[in-house]
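Overview (structure and organization)
So you can see what is in the structure, the chains are spelled out below.
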Amino acid sequence: MTHPSDSILIVDFGSQVTQLIARRVREAGVYSEIAPFTTAAEAFDRMQPKGVILSGSPASVLDENSPRIPQAILDSGVPIMGICYGQQVLMHQLGGTVTLGDSGEFGHAVIEIGDACALFDGVWTQGESHQVWMSHGDKVTALAPGFRPVAASPGAPFAVIADDDRHYYAMQFHPEVVHTPDGAKLIATFARHVCGLTGDWTMAEFRATKIAEIRAQVGSGKVICGLSGGVDSAVAAVLIHEAIGEQLTCVFVDHGLMRSGEADQVVTLFRNHYNIPLVHVDAEATFMAGLAGVTDPEAKRKFIGGAFIDIFEAEAKKIGGADFLAQGTLYPDVIESVSFTGGPSVTIKSHHNVGGLPARMKMQLVEPLRELFKDEVRALGRELGLPEIFVGRHPFPGPGLAIRIPSEVTKERCDILRKADSVYLEEIRRAGLYDAIWQAFAVLLPVRSVGVMGDGRTYDNVLALRAVTSTDGMTAQAFQFPGDFLPRVATRIVNEVRGVNRVTYDYTSKPPGTIEWE
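Let us look at the structure shown here.

1. A look at the side chain of aspartate 254
Residue position: aspartate 254 is located in strand E13 (residues 248-254). Although buried, aspartate 254 forms no salt bridge, and the nearest oppositely charged side chain, arginine 418, lies 6.9 Å from it. Residues contacting aspartate 254, with those up to four places away along its chain left out, are Ala263, His280, Val281, Asp282, Ala283 and Glu284.

2. Here we look at the environment of serine 220
Note on placement: serine 220 falls in the loop between helix H6 (203-218) and strand E12 (222-227). Under the relative-accessibility criterion, serine 220 is labelled exposed at 73%. With 65 residues separating them in the primary sequence, serine 220 and alanine 285 have C-alpha atoms 36 Å apart.

3. Things to note about helix H10 (residues 297-319)
If you check H10, its first and last C-alpha atoms are 33 Å apart, about what 23 residues at 1.5 Å a residue would give, namely 33 Å. For H10, the complete set of buried residues consists of Lys300, Arg301, Ile304, Gly305, Ala307, Phe308, Ile309, Ile311, Phe312, Glu313, Glu315 and Ala316. The inward-facing, buried residues of H10 contact E12, E13, strand E14 (278-282), helix H9 (284-291) and strand E15 (322-326). At the N-terminal end of H10, a side-chain oxygen is found 3.2 Å from the backbone nitrogen of glutamate 298, two or three residues along, and the residue is aspartate 296. One or two residues past the end of H10 sits glycine 320, with phi positive at roughly 85°.

4. Re the pairing of E14
Remember that side chains alternate between the two faces of the sheet whenever the strand is regular. Pairing analysis gives 5 bridges linking E13 to E14, with the strands arranged parallel. In the strand pairing of E14, phenylalanine 252 is matched with histidine 280. Handedness of the crossover joining E13 and E14 through helix H8 (residues 262-273) is recorded here as right-handed.

5. With respect to the packing of aromatic side chains
Applying the stated criterion across every chain yields a total of 15 aromatic pairs. Residues phenylalanine 120 and tryptophan 124 carry aromatic rings whose centres are separated by 5.4 Å and whose planes lie at 50° to one another, so their mutual orientation is tilted. Each member of the pair phenylalanine 120 and tryptophan 124 is classed as buried. Geometrically, the ring pair formed by tyrosine 331 and phenylalanine 373 is edge-to-face, given 5.7 Å between the ring centres and 80° between the ring planes. You can see tyrosine 331 sitting in helix H11 (residues 331-336) and its partner phenylalanine 373 sitting in the loop between strand E16 (364-366) and helix H12 (374-383), a full 42 residues away along the chain. You can call phenylalanine 373 buried: its relative accessible area is 2%. When the ring centre of phenylalanine 441 is taken as reference, the NZ or CZ atom of arginine 404 above it lies at 4.0 Å.

6. Points about the pairing of strand E10 (residues 156-163)
Here E10 lies mainly inside the structure; 7 of its 8 residues are buried. Direction of pairing for strand E9 (residues 148-153) relative to E10: antiparallel, over a ladder of 4 bridges. For serine 153, the partnering residue across the bridge sits in E10 and is alanine 156. What sits between the antiparallel neighbours E9 and E10 is a turn of 2 residues. Sheet analysis places E10 next to strand E11 (residues 168-171), joined by 4 bridges and oriented antiparallel.

7. Describing the pattern of salt bridges
Applying the stated criterion across every chain yields a total of 33 salt bridges. The salt bridge involving aspartate 506 is made with arginine 466; its shortest N-O contact spans 3.2 Å. Taken together, the residues aspartate 506 in the segment after strand E20 (500-505) and arginine 466 in strand E18 (residues 456-469) connect sequence positions 40 residues apart. For the salt bridge of arginine 488 with aspartate 484, the shortest nitrogen-to-oxygen distance reads 3.4 Å.

8. Some details on the nonpolar core
Phe270, Tyr424, Ile428 and Phe481 are the most contacted members of the largest nonpolar core, which totals 93 residues. The element contributing the most residues to this core is helix H7 (residues 231-244), with 10 residues. If sequence neighbours within four positions are ignored, tyrosine 424 has contacts with Ala440, Phe441, Ala442, Leu465, Arg466, Ala467, Phe481, Phe485, Val489 and Tyr505.

9. Topic: the packing of H6 against H12
The geometry of H6 relative to H12 is characterised by a closest axis approach of 9 Å and an angle of 80° between their N-to-C directions. Classified by the interaxial angle, the pair formed by H6 and H12 is roughly perpendicular. Across from Met203, Ala204, Phe206 and Arg207 in H6, the residues of H12 making contact are Glu376, Ala379, Leu380 and Glu383. Its residues assigned to classes, the contact of H6 with H12 comprises 5 nonpolar, no polar and 3 charged.

10. Examining unusual backbone geometry
For the bond from lysine 510 to proline 511, the omega torsion is -15°, close enough to zero to count as cis. Relative to the elements of secondary structure, proline 511 occurs in the segment after E20. Unusually for a residue other than glycine, glutamine 48 sits at a positive phi of about 50°. Summarising the element assignment, glutamine 48 is placed in the loop between helix H2 (40-47) and strand E3 (51-54).

11. Brief notes about the sheet that holds E12
Spatial ordering of the open sheet is given by E14-E13-E12-E15-E16, a layout of 5 strands whose pairing is parallel. Each end of this open sheet is capped by a strand with a single partner; those strands are E14 and E16. Looking at each pair of strands side by side, their axes are set apart by 30° on average, direction ignored. When E12 meets E15, the two strands line up parallel, connected through 4 bridges. Residue pairing across strands places valine 223 opposite phenylalanine 324, the latter belonging to E15. Relative to E12, H10 is tilted by about 145°, and along the sheet it contacts E12, E13, E14 and E15.

Conventions used here
Residues numbered from 1 in each chain as written. Predicted model: local features only at pLDDT ≥ 70, side-chain atom pairs only at ≥ 80, totals over all residues. Heavy atoms only, no water. Helix = DSSP H or I, 4+ residues; strand = E, 2+ residues; numbered from the N terminus. Buried < 20%, exposed > 50% of the residue type's maximum accessible area, 1.4 Å probe, protein only. Lys, Arg positive; Asp, Glu negative; His and termini not counted. Salt bridge = Lys/Arg side-chain N within 4 Å of Asp/Glu carboxyl O. Contact = heavy atoms within 4.5 Å. Expected span 1.5 Å × (residues − 1). Polar contact = N/O pair within 3.5 Å; in protein donor to acceptor, adjacent residues only side chain to side chain. Pairing = 2+ DSSP bridges. Right-handed = clockwise from strand over helix to strand, strands pointing away. Phe/Tyr/Trp six-rings, centres within 6.5 Å; stacked < 30°, edge-to-face > 60°. Lys NZ or Arg CZ within 6 Å of the ring centre and 35° of its normal. Core = buried A, V, L, I, M, F, W, Y, C linked by side-chain atoms within 4.5 Å. Axes fitted to C-alpha atoms, helices over the stretch in contact; angles between N-to-C directions. Parallel < 35°, antiparallel > 145°, perpendicular 65-115°, else oblique. Nonpolar A, V, L, I, M, F, W, Y, C, P; charged D, E, K, R; others polar.

So, in structure tokens, the structure goes:
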């Protein structure tokens, strides 16, 4: 991407909440990007950002081989904001002292504002007390030359420190989390006031910039775009079509794992509404045959991703001469698939649209959304004029219903789940609750239970309902339905969906659970 010159680089030292820092900066209307500390020097050179934010970390600066700030950033003269470990490593490298904590601070804390500084302008005033969220063991015990304390807590005498001449600010607490009520304002003040950025990064600007980039990348080449049926690939396709028109052909690989009516909706939207060339491949039989006997979630994902690419390859050959493949890869997909240390990382779940293509396909990737978070993709979709019923749709995983059937996937089980899910979503919409929920869906469990229908005994499937609230999918809470809603849905499903005789509700939050079951 031709990165906006008005940007902030976030150096990731391995914090679980680094993505939240990027979101807070973007909410202030400033473009931000995350780079692992191992590649931060290259990212800094490429982006030429107007400021740098240093993330937290599970590491200790006192450990051998713990992460460090690239010297090029310290030599550059740009403003720096250090958070938690970011404060400690800044002190450690600039001549201060960090001491192994004997007690640490975890959770809510109250800080006293001892002095004014540019970071507090319009947010906090000298003499005030404010709630923040602490999560640290080590602490700074002596400041580097040029720094002064501007806020303190009982457990952290240097809760916020400032070097006004160099525009370096650092804090022991985490401003990016919602548990620090004024944290987003502090980050916005750093980006806009300290770094002097205008805060005018918008979806309209992104759209115009990205269209120019797509034209420059593609030239007169042909692009083939894989539609999954979800919001991400649809927004990517419409954006690319706006850039290069008839040079784009969309291929909708219909794997038979969509929700009720969605395949038809995709075909209608692209062929009739946008008049985008579309190849609709009915591949249900291929996917069902390949999923037969497969129960491991990762094996399901890998098969579906692999089969998707294989079918794509065949369609690309039929179309002939496609130079590029477009994908709806998002920023969280990119971040989650890269270890911040540059070494092996724990894969929570693989993302089937990250990591490029088999070399044999000889196509370059066009990924116009890879800098955006999910809600930003929705905003871009609205900017592009996609209908709200499509743009506002709940997230849906690439492997579709396959990972909502924690057992062998069959057409019969997909049809049962599709019908039950349709009843559930219909009732949610009817109750006016759809937009209050981040994601709602049904899961067909690998469990059967005894029931009674009429005068007869049944032995049928158990269904779990899931609905969560979230702002970004990183954390989530179970949605609290009004008292009569779940019994009404359960009654409808048991009465209308042959093969289900028991309905449960999943109250698990994320963490410790994930939103999807697989």
